[in-house]
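Here's the letter readout for the chains.
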Amino acid sequence: MWMKERFMENEKRKAFYSEKEDLIDSIFGFLLALTPILQHYKGIGVNAGFTILILLWPWALFKLVVNYRKLQPANTGIVLGVVAFMVYKEIIHGASVIRLAYAAVMIVYLLAAACGGINLKKVISAAAKIAMAASVLICIQSLCYYILHFHLQLVPTQLLLPESHIWVAGAQTGVIGVTGHRGDLYRPSAFFLEPSHMYLYLFPQLMLVLLDSGMDRSRFKKAILFSAGILLTTSGMGLVTVVCVWLLFIALYNPEDKSFAFKNFFRKQNLLLMLAFAVCALIMILTVPFIRAAVMRFLDLSSGGAIAGRTRRAFNLLGTMTGAQWLVGVTTDVSHISFNMPGFVATLYKFGAVGLALSYSGYVYSLIKVRAPYLWISALIMMLSFFTAHTHGSFYMLYFMFILIQGDQEPGMRRALRLPHGGSGKRAK
């Protein structure tokens, strides 16, 4: 009887601590999911996003130490190149204590996530809830603008960093761009600072719910909500992404066995649905004004276009690089550059081919060795790096890597690896 009571008491204690740990993981996961949004706001000495990373760093370090036995190649392969990049970029053009401390913060988070110390399911779940809230709010913003004729401002511009001033007018009006000129298109972004920021946050969530087997009603509703949220930003890249992701879903999903695979592509039903979807998309482009305007921005080859405006001058800058600069980069000081630099160009200009290869290593690893939907997310991130800087910015890179690491950790997601001498590609326990 005494032994039974002791056993029950131990079980209750375990359940209590497990519940508390789950609550802590949920809170920390939510805070980490907020960092890409808060990077533009004032924090304690630094931006609010990095303030959160610093405050949570002791917890991440503790989790890394507790799980250090799992720091084996089978678990950390996806982050090793990115960890090396974090060190390389802080020392290649001159190191400082602050820069090395910054690298240490990012490295601990990457390694803690790779060894299972950070509950990435909580982070991604929190990000999904934030994405759903943003999608609902952008629908409300659009209704307020088109029906009630006012812009519902959801960005607290008084809390922004001084360097975020170029987005203030857009956040306050929804129609003024970063150049200060009023546009013809209403471009809301919920509580995100800029439409493209919202798109970058939402597209992985859309792909996670849509490009995988076992579709159910709940996931389908989320996919529709995320799609609506991205489309209402009027982002040209967002529009193309939504169309391509839904086409991919229609092409590869079989509702009979709920499988998502290439074998489903040549099903007669899938081919007919793809044709019908393409026709509907074309009709919407021709008849819905804001969708047509988004397409025109995407196709516009002038400096005001969604793509050309982001890339033309940046790629011209690479023509000024010579000799060893192609290998190790030119400088980390780009304050003299007044135009947008996509992630690919900025990384090559600052850190050369060495830094470029290291920075892409995590994305390439996931593309090659992890199954859908994560390989599709990796592929899109790599394509977007030629148009936007955020794929190589610290906060969105960490956000993307958290998602890809989770994919690498999910049972059955990693492709089998063939190693010499009878080795296996199983994960270390």
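Above this text is the structure in question.
Residues numbered from 1 in each chain as written. Predicted model: local features only at pLDDT ≥ 70, side-chain atom pairs only at ≥ 80, totals over all residues. Heavy atoms only, no water.

Participant: Please explain the overall build of the chain as it appears in this structure.
Facilitator: Check the secondary structure of the chain and you find 16 helices and two strands. In the chain, which comprises 429 residues, the share counted as buried stands at 48%. Residue pairs in contact within the chain that sit at least 24 positions apart in sequence constitute 69% of those at least 6 positions apart. As displayed, the chain offers around 21300 Å² of accessible surface, 68% of which is attributable to carbon and sulfur atoms. (Helix = DSSP H or I, 4+ residues; strand = E, 2+ residues; numbered from the N terminus. Buried < 20%, exposed > 50% of the residue type's maximum accessible area, 1.4 Å probe, protein only. Contact = heavy atoms within 4.5 Å. Areas by Shrake-Rupley, 256 points an atom, 1.4 Å probe, with all protein chains shown as cover.)

Participant: In this structure, what is going on with the environment of Phe344? I would like to understand it.
Facilitator: With respect to the element layout, Phe344 can be found in helix 14 (residues 343-369). Along the chain, Phe344 and Phe387 lie 43 residues apart, while their C-alpha atoms are 8.2 Å from each other.

Participant: Just checking my understanding: could you explain the nonpolar core for this structure?
Facilitator: Within soluble globular proteins, side chains that are nonpolar generally end up buried alongside one another. Among the nonpolar cores identified, the biggest contains 107 residues, and Tyr109, Ile118 and Phe203 are the most heavily contacted of them. Grouped together as the second largest cluster of nonpolar side chains are seven residues, Tyr41, Trp167, Ala171 and Leu193 included. (Core = buried A, V, L, I, M, F, W, Y, C linked by side-chain atoms within 4.5 Å.)

Participant: What exactly am I supposed to notice about the packing of helix 7 (residues 195-210) against helix 16 (residues 394-409) here?
Facilitator: When two helices pack together, their arrangement is captured by the angle between the axes and the distance separating the axes. The interhelical angle for the contact between helix 7 and helix 16, taken along N-to-C directions, is 5 degrees, at an axis separation of 12 Å. Viewed along their axes, helix 7 and helix 16 adopt a mutual orientation that is roughly parallel. For the pair formed by helix 7 and helix 16, the contact residues are His197, Leu200, Tyr201, Phe203, Pro204, Gln205 and Leu208 on the first element and Tyr396, Tyr399, Phe400 and Ile403 on the second. Class assignment for the residues of the contact of helix 7 with helix 16 results in nine nonpolar, two polar and no charged. (Axes fitted to C-alpha atoms, helices over the stretch in contact; angles between N-to-C directions. Parallel < 35°, antiparallel > 145°, perpendicular 65-115°, else oblique. Nonpolar A, V, L, I, M, F, W, Y, C, P; charged D, E, K, R; others polar.)

Participant: Got a minute to help me understand the packing of aromatic side chains in this structure?
Facilitator: In total, this model carries 22 aromatic pairs according to the counting rule given. Their ring planes at 5 degrees and their centres at 4.6 Å tell us that Tyr201 and Tyr399 sit as a pair that is stacked. One end of the pair, Tyr201, is in helix 7; the other, Tyr399, is in helix 16, and 198 residues separate them in sequence. The pair Tyr201 / Tyr399 is uniform in exposure class, with both members buried. For the pair Phe220 and Trp246, a centre-to-centre distance of 5.6 Å together with 90 degrees between the ring planes defines the contact as edge-to-face. Taken together, the residues Phe220 in helix 8 (residues 217-232) and Trp246 in helix 9 (residues 236-252) connect sequence positions 26 residues apart. Take Phe220: its relative accessible area is 33%, and that puts it in the partly exposed class. Exposure remark for Trp246: the relative accessible area of 11% places this residue in the buried category. Taken together, the ring pairs in this structure connect Phe191, Phe192, Tyr199, Tyr201, Phe203, Tyr396, Tyr399 and Phe400 into an aromatic cluster. (Phe/Tyr/Trp six-rings, centres within 6.5 Å; stacked < 30°, edge-to-face > 60°.)

Participant: What is the right way to read the layout of surface pockets from this model?
Facilitator: Empty pockets left among the atoms are what a rolling probe the size of a water molecule brings to light. A volume near 420 Å³ is recorded for the second largest pocket. Lining the second largest pocket are 17 residues, with Ile124, Ser125, Gln205, Leu208 and Val209 sitting closest to its centre. In terms of residues, the lining of the second largest pocket owes the most to one element, helix 5 (residues 120-146), which gives six residues. Among the residues forming the lining of the second largest pocket, the class breakdown is eight nonpolar, three polar and six charged. (1 Å grid on protein atoms, 1.4 Å probe; cavity = no way out; pocket = protein on both sides within 12 Å on 5 of 7 lines; lining within 4 Å. Points joined across faces, edges and corners; volume = space filled by probe spheres on them.)

Participant: What's the story with helix 16 in this structure? I'm lost.
Facilitator: An α-helical segment advances 3.6 residues per turn. Residues three or four places apart therefore align on the same side. Spanning 16 residues, helix 16 covers 22 Å between terminal C-alpha atoms, matching the ideal 22 Å at 1.5 Å per step. Along helix 16, 15 of the 16 residues are buried, which leaves the element largely enclosed by surrounding structure. (Expected span 1.5 Å × (residues − 1).)

Participant: How should I be thinking about the pattern of salt bridges in this particular structure?
Facilitator: A side chain of one charge can pair with a side chain of the opposite charge when the charged atoms of the two come close. The tally for this structure, following the rule as stated, stands at five salt bridges. Across the pair Lys89 and Glu90 runs a salt bridge, and its minimum N-O distance is 3.1 Å. Residue Lys89 is classed as buried on the basis of its relative accessible area, which comes to 12%. According to the relative accessible area criterion, Glu90 is buried, its value standing at 3%. Close ionic contact of Glu90 with Arg99 constitutes a salt bridge, the shortest N to O distance being 3.0 Å. Each of the salt bridges in this network shares a partner with another, and the network as a whole consists of Lys89, Glu90 and Arg99. (Salt bridge = Lys/Arg side-chain N within 4 Å of Asp/Glu carboxyl O.)

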